[in-house]
Amino acid sequence: MPDVDELKEGKKYYTDTPQKTEGFFLKGSNSLDWGMKNRLGRIFNPKSGRTVMLAIDHGYFQGPTTGLERIDLNIMPLVPYADTLMLTRGILRTIVPPSISQSIVMRVSGGTSILKELSNEEIAVGIEDSIRMNVSAMAVQVFIGGEYERQSIINMTRMVDQGTRYGIPTLAVTAVGKDMARDARYFRLATRICAELGAHYVKSYYIEEGFETVTASCPVPIVMAGGKKIPEKDALKMAYNAVQQGASGVDMGRNIFQSESPVAMIQAVKAIVHENETPEKAFDLYNTLKREQ
Ligand code: R5P
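Residues numbered from 1 in each chain as written. Predicted model: local features only at pLDDT ≥ 70, side-chain atom pairs only at ≥ 80, totals over all residues. Heavy atoms only, no water.

K.L.:
I'm lost on the side chain of Gln102 in this one. Help?
P.N.:
Structurally, Gln102 is set in the loop between α4 (89-94) and β3 (103-107). The class of Gln102 is buried, set by a relative accessible area of 13%. Engagement of the side chain of Gln102 in a polar contact is seen with the backbone oxygen of Val79, the distance being 3.2 Å. In this structure the side chain of Gln102 is engaged in a polar contact, spanning 3.5 Å, whose partner is the backbone oxygen of Ala82. Those residues in contact with Gln102, other than ones at most four positions away along the chain, are Arg42, Val79, Pro80, Ala82, Asp83 and Thr84. (Helix = DSSP H or I, 4+ residues; strand = E, 2+ residues; numbered from the N terminus. Buried < 20%, exposed > 50% of the residue type's maximum accessible area, 1.4 Å probe, protein only. Polar contact = N/O pair within 3.5 Å; in protein donor to acceptor, adjacent residues only side chain to side chain. Contact = heavy atoms within 4.5 Å.)

K.L.:
I would appreciate a short explanation of the nonpolar core in the present structure.
P.N.:
The nonpolar side chains of a soluble globular protein tend to be buried, and buried together. Counting 71 residues, the largest nonpolar core has Leu54 and Val269 as its most contacted members. The dominant element in this core, judged by the number of residues it contributes, is helix α11 (residues 262-275), at seven residues. Those residues within four positions of Val269 in sequence are excluded, and the remaining contacts are Val52, Leu236, Val250, Met252 and Ile256. Ala55, Val105, Leu171 and Tyr201 belong to the second largest nonpolar core, which has 14 residues in total. (Core = buried A, V, L, I, M, F, W, Y, C linked by side-chain atoms within 4.5 Å.)

K.L.:
Help me out: how do you make sense of the site of the ligand in this one?
P.N.:
Close contacts around the ligand come from 15 residues, with Asp57, His58, Arg107, Gly253 and Arg254 the closest. Measuring from an oxygen atom of the ligand, one finds a backbone N or O atom of Gly226 at 3.0 Å. Here an oxygen atom of the ligand sits 2.8 Å away from a polar atom, N or O, in the main chain of Gly253. Surface burial for the ligand is 97%, taken as the share of its 360 Å² of free accessible area covered by protein chains. (Near = heavy atom within 4 Å. Areas by Shrake-Rupley, 256 points an atom, 1.4 Å probe, with all protein chains shown as cover.)

K.L.:
Before we go on, may I ask you to explain the environment of Ser259 in this structure?
P.N.:
Relative to the elements of secondary structure, Ser259 occurs in the loop between α10 (254-257) and α11. Taking C-alpha positions, Ser259 is 55 Å from Tyr14, a pair spaced 245 residues apart along the chain. Leaving out residues up to four positions away in the same chain, Ser259 has contacts with Lys229, Glu232, Arg254, Met265 and Tyr286. Within polar-contact distance, the side chain of Ser259 engages the side chain of Tyr286 at 3.4 Å.

K.L.:
What is the right way to read the environment of Glu22 from this model?
P.N.:
The topology assignment puts Glu22 in the segment before α1 (34-43). In this structure Glu22 comes out as exposed when scored by relative accessible area, which is 67%. C-alpha of Glu22 to C-alpha of Ala242: the two residues are 220 residues apart in sequence and 28 Å apart in space.

K.L.:
Looking at this structure, how should I read the packing of aromatic side chains?
P.N.:
For any two aromatic rings, the description comes down to two numbers: the centre-to-centre distance and the angle of the planes. Tallied over the full model, the rule gives seven aromatic pairs. Considering the side-chain rings of Phe24 and Phe25, the 4.7 Å spacing of their centres and the 50 degrees angle between planes classify their relative orientation as tilted. Accessibility expressed as a relative area gives 32% for Phe25, which makes it partly exposed. Here the basic side chain of Arg182 rests over the ring of Tyr205, its NZ or CZ set 4.4 Å away from the ring centre. (Phe/Tyr/Trp six-rings, centres within 6.5 Å; stacked < 30°, edge-to-face > 60°. Lys NZ or Arg CZ within 6 Å of the ring centre and 35° of its normal.)

K.L.:
How should I be thinking about the packing of α11 against helix α12 (residues 279-292) in this particular structure?
P.N.:
Relative orientation and spacing of two packed helices are given, respectively, by the angle between their axes and the distance between those axes. It is the contact of α11 with α12, at a shortest axis distance of 8 Å, that shows an interaxial angle of 155 degrees. As far as their axial angle goes, α12 and α11 are roughly antiparallel. Where α11 crosses over α12, the handedness of that crossing is right-handed. Residues Ala264, Met265, Gln267, Ala268, Ala271 and Ile272 of α11 touch α12, and the partners they reach there are Pro279, Ala282, Leu285, Tyr286, Leu289 and Lys290. Residue classes in the contact of α11 with α12 are distributed as ten nonpolar, one polar and one charged. (Axes fitted to C-alpha atoms, helices over the stretch in contact; angles between N-to-C directions. Parallel < 35°, antiparallel > 145°, perpendicular 65-115°, else oblique. Left-handed = near helix turned anticlockwise from the far one by under 90°. Nonpolar A, V, L, I, M, F, W, Y, C, P; charged D, E, K, R; others polar.)

Following this line, the structure appears as structure tokens:
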């Protein structure tokens, strides 16, 4: 305990210097509570305002996806280059060391497999486990236009309510059915519904025409999902276009872990997201790093 006899009168009040009241750097997030902002600030880099999320949660409905057969061997070497890992609690507990410094976005919806209707999800992880595992956000799949559209929206709003109680943000993941048009109109609808109903940020696919209208009409940050594997150069161009057209980063899986060189690819994506590198230079970086391996 400090010795009260030696207590000196304080002088450093700086009465001429008003206390700074800073705004929060992330779109639509300024009215959130401290814990929410702190967690979002662990996902999104406050300097660039963007994130590189490495999505490796595919196994929750499709088992050992190509590239994710051995997460300990295939994925752990990529982790140092990501801001955030998006994964299931099963993989987090069994493979990922708790000393990890990257933030965690945990998949909390599930209950379906590729053998049946995918939109029939429920909440599959209680909020207590998200708190216990110190996650920075919870991810819920939302199937706008899907057979179980309403149920999936309510799954999301339930997590928004529960997460708000404990300061944990919810990421709404827009899932598009096979037969639906992947166009700006659809993604404006899907992302806006998620944001209006409380999602703290939303994951959307990139589209060639009108992606900037999707980001403009969504009042919270959008992160771009990678989608199915395409050539590295094209995936880098897509990531570049997405961030230049208003995305606050990427949440990429297959285009990183199914790349010929995943470690080189994630570093090239990072250069695009955080340093505004051009796709051409990022592709050169990819090739250089790939050769050095
Ligand atoms: C799929 O349902 C998972 O949620 C993935 O996180 C998502 O699809 C992003 O991964 P990818 O870039 O492979 O599409």
